[in-house]
Amino acid sequence: MRTALRAALTGAVIAAAVLVGGPAHATPPGPGVVGRTISQTTVGDTDYVLREVTVPPGQATGWHYHDGPVYGYVKQGTLTHYHADCAVDGVYPQGTVVREPGGPSDVHLGRNLGDTTLVLEVFYILPHGAPFSEDVPNPGCTFE
């Protein structure tokens, strides 16, 4: 049960391993930000995907949003999460869960400000065929 609950809560944040682009367009993830798919299934018109996303110290996911809700479990390190107003909306240490509701009104960035690699287990609930994240430009923050 604990594993099932953890997998169900896993999600959000970072999905950024697929982000590409340049500063004038979408903001890319920092060097070494990677994601690997652990499990994926489709039921009807919905994709359910569990991924592990790794963010090295000092790096970030790039600005993005998701086309559906995402849940993230912080397996290692600490996630610092920002919304488009450039303010920190949460700091999530190891063992905590972050939820992102999805949609273009939920532009955000995840950063690893610590000295330990950040590892997230991320559970995506997306329309069938949707990308893990949608790239967006930096909304005007002084950081990427």
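Right, let's get into the nonpolar core. Nonpolar side chains tend to gather and get buried jointly when the protein is soluble and globular. Ranked by internal contacts, the top residues of the largest apolar core, which has 15 residues, are Val53, Val74, Leu79, Leu118, Leu120, Val122 and Tyr124. Looking at this core element by element, the count peaks at five residues for strand 9 (residues 118–127). With nine residues, the next largest nonpolar core counts Tyr65, Val107, Leu109 and Phe143 among its residues.

Another point: the confidence of the model for the protein. Per-chain confidence: the protein averages 86 in pLDDT, with 82% of residues scoring 70 or above. Between residues 1–25, whose pLDDT stays under 50, and residues either more than four places distant or in other chains, the model counts 84 contacts.

Let's shift gears to the packing of aromatic side chains. In the structure shown here, the tally under the stated rule is four aromatic pairs. With a centroid separation of 4.6 Å and 50° between ring planes, the pair formed by Tyr82 and Phe143 is classed as tilted. Note that Tyr82 is positioned in strand 5 (residues 78–83) and Phe143 in the segment after strand 10 (134–135), a separation of 61 residues in sequence. According to the relative accessible area criterion, Tyr82 is buried, its value standing at 7%.

This next bit is on the side chain of Thr80. Within the fold, Thr80 resides in strand 5. Under the relative-accessibility criterion, Thr80 is labelled buried at 7%. Excluding residues that lie within four positions of it along the chain, Thr80 makes contacts with Val88, Gly90, Val91, Leu109, Gly110, Arg111 and Leu113.

Moving on to the environment of Gln76. Summarising the element assignment, Gln76 is placed in strand 4 (residues 70–76). Each C-alpha atom of the pair Gln76 and Thr96 lies 9.8 Å from the other, and the pair is 20 residues apart in sequence. A distance of 2.9 Å separates a polar atom in the side chain of Gln76 from the backbone oxygen of Thr117.

This part takes up the pairing of strand 8 (residues 108–111). A two-sided burial pattern is seen for strand 8, the buried positions comprising His108 and Gly110 on one face and Leu109 and Arg111 on the other. Bridge count between strand 5 and strand 8: four bridges; the pairing is antiparallel. Residue pairing across strands places Thr80 opposite Arg111, the latter belonging to strand 8.

What follows deals with the pattern of salt bridges. A complete count under the given rule lists three salt bridges for this structure. A salt bridge links Glu52 to Lys75; the nearest nitrogen and oxygen atoms lie 3.3 Å apart. With a gap of 23 residues between them, Glu52 in strand 2 (residues 46–55) and Lys75 in strand 4 connect regions that are remote in the sequence. Given a relative accessible area of 15%, Glu52 falls into the buried group. Accessibility expressed as a relative area gives 35% for Lys75, which makes it partly exposed. For Lys75, the salt bridge goes to Glu121, with nearest N and O atoms at 3.5 Å. One end of the pair, Lys75, is in strand 4; the other, Glu121, is in strand 9, and 46 residues separate them in sequence. Residues participating in the shared-partner salt-bridge network are Arg36, Glu52, Lys75 and Glu121.

What counts and what doesn't
Residues numbered from 1 in each chain as written. Predicted model: local features only at pLDDT ≥ 70, side-chain atom pairs only at ≥ 80, totals over all residues. Heavy atoms only, no water. Core = buried A, V, L, I, M, F, W, Y, C linked by side-chain atoms within 4.5 Å. Buried < 20%, exposed > 50% of the residue type's maximum accessible area, 1.4 Å probe, protein only. Helix = DSSP H or I, 4+ residues; strand = E, 2+ residues; numbered from the N terminus. pLDDT = per-residue confidence, 0-100. Contact = heavy atoms within 4.5 Å. Phe/Tyr/Trp six-rings, centres within 6.5 Å; stacked < 30°, edge-to-face > 60°. Polar contact = N/O pair within 3.5 Å; in protein donor to acceptor, adjacent residues only side chain to side chain. Pairing = 2+ DSSP bridges. Salt bridge = Lys/Arg side-chain N within 4 Å of Asp/Glu carboxyl O.

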